Amino acid sequence: YYKATRRQQANLDLTPPADFLQGYKQYLSRLAGFFIIEDCVHVSTAGMASRSDVDTWWENATGTLAQHLHTQFNDIEQSLVLQQVKTWVLLFCVTLEEQGFGAKQVGECLESARERFLTLLLKEANTLLVKVVSEEDFTPMVVHSRDEYQRVVVAHGLEQFDPNIAADAEHFPRPQTFSRTVPRVCQVVKSVVFD
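No experiment lies behind these values; they were computed from the predicted model shown. (Residues numbered from 1 in each chain as written. Predicted model: local features only at pLDDT ≥ 70, side-chain atom pairs only at ≥ 80, totals over all residues. Heavy atoms only, no water.)

## Notes on the overall build of the protein chain
A tally of regular secondary structure across the protein chain gives 8 helices and 2 strands. When the helices and strands of the protein chain are read in sequence order from the N terminus, they spell out α-α-α-α-α-β-α-α-β-α. Along the first, second and third principal axes, the C-alpha atoms of the protein chain reach 80 × 35 × 25 Å. Here the protein chain holds 195 residues, and the buried ones make up 36% of them. The positive charge centre, built from 18 side chains, and the negative charge centre, built from 25, are 3 Å apart in the protein chain. (Helix = DSSP H or I, 4+ residues; strand = E, 2+ residues; numbered from the N terminus. Buried < 20%, exposed > 50% of the residue type's maximum accessible area, 1.4 Å probe, protein only. Lys, Arg positive; Asp, Glu negative; His and termini not counted. Charge placed at Lys NZ, Arg CZ, Asp CG, Glu CD.)

Spelled out as structure tokens, the structure:
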């Protein structure tokens, strides 16, 4: 009876949500919970759940999950959303690996999603760069305060930090040798590099 009930529960927990992006956290949490409980039952009881039954359920679950994730990763259109889902999937894998369940298939799926993430990230950066350049007015940027000088000029490495300029309010407003587009482009490039 126990095995039949748990097999039904595994099938229910393995069923992905209709709207994956709205329900992936609960979906992964349910799956993790199921296998953590099964591991505890196996360890703490004699004969209720054999290790081979649990391992079989796990193999089926990871294969199905990897296929589903692969499809979902290809359907996601925003790099930030893909990154958030990948983070949850990684936490899922690490959690279950700590319980003794290998997640190689799901890990391979995560690796394949890397290309998708980079493609989305570069596409978004390209769109943003086109917008930034199209708004270019070709006039020198004027920095109006110490905070703006630090945040826009120094933070992007466009000028060496000069403590005399930063400390003295009489140096502002301060014209620069570049337009406002330059720090905006730097910000887009940094976001691609650090994401």
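Now that the structure is up, let's keep going.
## So, the nonpolar core
A general feature of soluble globular proteins is that nonpolar side chains tend to end up buried together. Counting 37 residues, the largest nonpolar core has Phe35, Leu65, Leu69, Phe73, Val85, Val89 and Phe92 as its most contacted members. Looking at this core, the elements with two or more residues in it are helix H1 (2-14), helix H2 (20-44), helix H3 (51-75), helix H4 (79-98) and helix H5 (104-134). Sorting elements by how many residues they give to this core places H2 first, with 9 residues. Not counting the four nearest positions on each side in its chain, Val85 is found in contact with Phe20, Leu21, Tyr24, Phe73 and Ile76. Core analysis: the second largest hydrophobic core is formed by 9 residues, Val152, Val153, Val154 and Phe172 among them. (Core = buried A, V, L, I, M, F, W, Y, C linked by side-chain atoms within 4.5 Å. Contact = heavy atoms within 4.5 Å.)

## Some thoughts on the pattern of salt bridges
According to the stated counting rule, one finds 7 salt bridges in the structure shown. A salt bridge links Arg30 to Asp13; the nearest nitrogen and oxygen atoms lie 3.5 Å apart. Within this pair, whereas Arg30 is found in helix H2, its partner Asp13 is found in helix H1, the two being separated by 17 residues in sequence. For Arg30, a relative accessible area of 35% puts it in the partly exposed group. A salt bridge links Arg184 to Glu135; its shortest N-O distance comes to 2.8 Å. Note that Arg184 is positioned in helix H8 (residues 181-194) and Glu135 in the loop between H5 and strand S1 (142-143), a separation of 49 residues in sequence. For Arg184, a relative accessible area of 33% corresponds to the partly exposed category. (Salt bridge = Lys/Arg side-chain N within 4 Å of Asp/Glu carboxyl O.)

## Thoughts on the packing of aromatic side chains
By the definition in use, this model includes 10 aromatic pairs. Both rings, one in Tyr24 and one in Trp88, keep their centres 6.5 Å apart while their planes meet at 85 degrees; by these two values the pair is edge-to-face. Of this pair, Tyr24 sits in helix H2 while Trp88 sits in helix H4, and the two are 64 residues apart along the sequence. On the accessibility criterion, Tyr24 (7% relative accessible area) is buried. (Phe/Tyr/Trp six-rings, centres within 6.5 Å; stacked < 30°, edge-to-face > 60°.)

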